[in-house]
Amino acid sequence: ALMFGGTGSGKSFHVSMLIENALSQGQHVTIIDIQGPEISSYRKMTELFGGQYYALADSEQDICLNPFLPHNQMFSEEGIDTEQLAFLENLVVMIASPDYLKGPDAKFYRSVARTAIEQAYVVTQDTGRQPILSDIQGLLKEYEGPEEEYNSYARPLYLQLKAWLGDKRHHKLFNRSKEFSLTGSFQVFDFFGLKEDPALGGILLLVCSHLFWNQLKRLERSSNKMVVFDEAWALIQNEAGAELIQS
């Protein structure tokens, strides 16, 4: 459903009523918002209903969005989950440089990233630890793929990923071996600050969509689920945000 209207027309009030009604009936509710922690009405709602509020730009919150799934979710009797693998390879290349996904060599960069990701799951299998981006960085540095002509594509991926992980905020958000879990039935993800750092905002949107859709798929099929995008106009100005809403 799409809801739109002018300022003061009652959109927020109506959405809040729908959310409260859904929660009272035991439905699972996830909200994507951009208001910011200081003025977010949803933050107050999580306090009232015992939900979780994630201010993704807040350096004080201990939030880890490791995009790599645990081994038992990444593999089945049929082998590795190719859909998850495709997401991860595109994510690694996008972090290095979005231009790598648009140029004529995109398939080579994706292939190198895919090999490194598969190797990361192999080397962490004995300990059961989830791979992290630093594992990919290290494997790209020493990359020797099955096809020698691809090896030259590993170096730029390694250098760009190393530089990106050198940012303390990036490291804290994405580069820790910690499983993300939606506890309870009510979560709010606040993307306040997206406009100030559109590159990071795009990565956050992709990783969050990947993680919470995986979590929602694991809930019982019989349980009703509600996903709310508040101020969606701001999200769809970002390519990753538009893709998230479309999915």
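Residues numbered from 1 in each chain as written. Predicted model: local features only at pLDDT ≥ 70, side-chain atom pairs only at ≥ 80, totals over all residues. Heavy atoms only, no water.

Comments concerning the packing of helix 1 (residues 11-24) against helix 2 (residues 41-49)
For the pair helix 1 and helix 2, the least separation of the axes is 12 Å and the interaxial angle reads 20°. One finds that helix 1 runs roughly parallel with respect to helix 2. Note that helix 1 runs across helix 2; the crossing there is right-handed. Between helix 1, through Val15, Ser16, Ile19, Glu20 and Leu23, and helix 2, the contact on the second element is made entirely by Tyr42, Met45 and Phe49. Class assignment for the residues of the contact of helix 1 with helix 2 results in six nonpolar, one polar and one charged. (Axes fitted to C-alpha atoms, helices over the stretch in contact; angles between N-to-C directions. Helix = DSSP H or I, 4+ residues; strand = E, 2+ residues; numbered from the N terminus. Parallel < 35°, antiparallel > 145°, perpendicular 65-115°, else oblique. Left-handed = near helix turned anticlockwise from the far one by under 90°. Contact = heavy atoms within 4.5 Å. Nonpolar A, V, L, I, M, F, W, Y, C, P; charged D, E, K, R; others polar.)

What about the packing of aromatic side chains?
Scanning the model with the defined rule gives eight aromatic pairs in all. Consider the rings of Phe75 and Tyr121, whose centres lie 5.7 Å apart with planes at 75°: the pair is edge-to-face. Separated by 46 residues along the polypeptide, Phe75 in strand 3 (residues 75-76) and Tyr121 in helix 5 (residues 106-123) bring together distant segments of the chain. Between the aromatic rings of Trp164 and Phe174, the centroid separation amounts to 5.5 Å while the plane-to-plane angle is 35°, which identifies the pairing as tilted. Note that Trp164 is positioned in helix 7 (residues 154-165) and Phe174 in helix 8 (residues 168-174), a separation of 10 residues in sequence. Judged by relative accessible area, which is 14%, Trp164 ranks as buried. Grouping aromatic residues by their ring pairs yields a cluster made of Tyr100, Phe108, Tyr109, Tyr150 and Tyr153. (Phe/Tyr/Trp six-rings, centres within 6.5 Å; stacked < 30°, edge-to-face > 60°. Buried < 20%, exposed > 50% of the residue type's maximum accessible area, 1.4 Å probe, protein only.)

Things to note about the nonpolar core
As a rule of thumb, soluble globular proteins bury nonpolar side chains together. Core analysis: the biggest nonpolar cluster contains 54 residues, and Leu65, Leu133, Ile136, Leu140, Phe174 and Phe191 have the highest contact counts within it. If you list the elements that add at least two residues to this core, you get helix 4 (82-96), helix 5, helix 6 (133-141), helix 7, helix 8 and helix 9 (198-217). Sorting elements by how many residues they give to this core places helix 9 first, with 10 residues. Not counting residues within four places of it along the chain, the set of residues in contact with Phe174 comprises Leu65, Asn66, Pro67, Leu133, Trp164, Leu200, Ile203, Leu204 and Val207. Within the second largest apolar cluster, 14 residues are counted, among which are Ile19, Ile31, Met45 and Val228. (Core = buried A, V, L, I, M, F, W, Y, C linked by side-chain atoms within 4.5 Å.)

A few points about the sheet that holds strand 1 (residues 28-33)
The strands making up a sheet are joined through hydrogen bonds of the backbone, oriented either antiparallel or parallel. If you trace the four strands from one edge of the open sheet to the other, you get 2-5-1-6, paired in parallel fashion. Of all strands in the sheet, those with a lone pairing partner are strand 2 (52-55) and strand 6 (225-229), marking the two edges. Neighbour-to-neighbour, the strand axes of the sheet open up by a mean angle of 10°, direction not taken into account. Strand direction decides the pairing type here: strand 1 and strand 6, joined by five bridges, are parallel. From the neighbouring strand, Ile31 faces strand 6, where its bridge partner is Val228. (Pairing = 2+ DSSP bridges.)

Here's the deal with the pairing of strand 5 (residues 186-190)
Among the five residues that make up strand 5, five are buried, leaving the element largely enclosed by the rest of the structure. Along strand 5, one buried face is formed by Phe186, Val188 and Asp190 and the opposite face, lined by Gln187 and Phe189, is buried too. In this sheet, strand 5 lies alongside strand 1 in parallel orientation, the contact comprising five bridges. When the bridges of strand 5 are listed, Val29 appears paired with Phe186. Here four bridges tie strand 2 to strand 5, and the two strands are oriented parallel to one another. Bridging across to strand 5, Tyr53 finds its partner in Val188.

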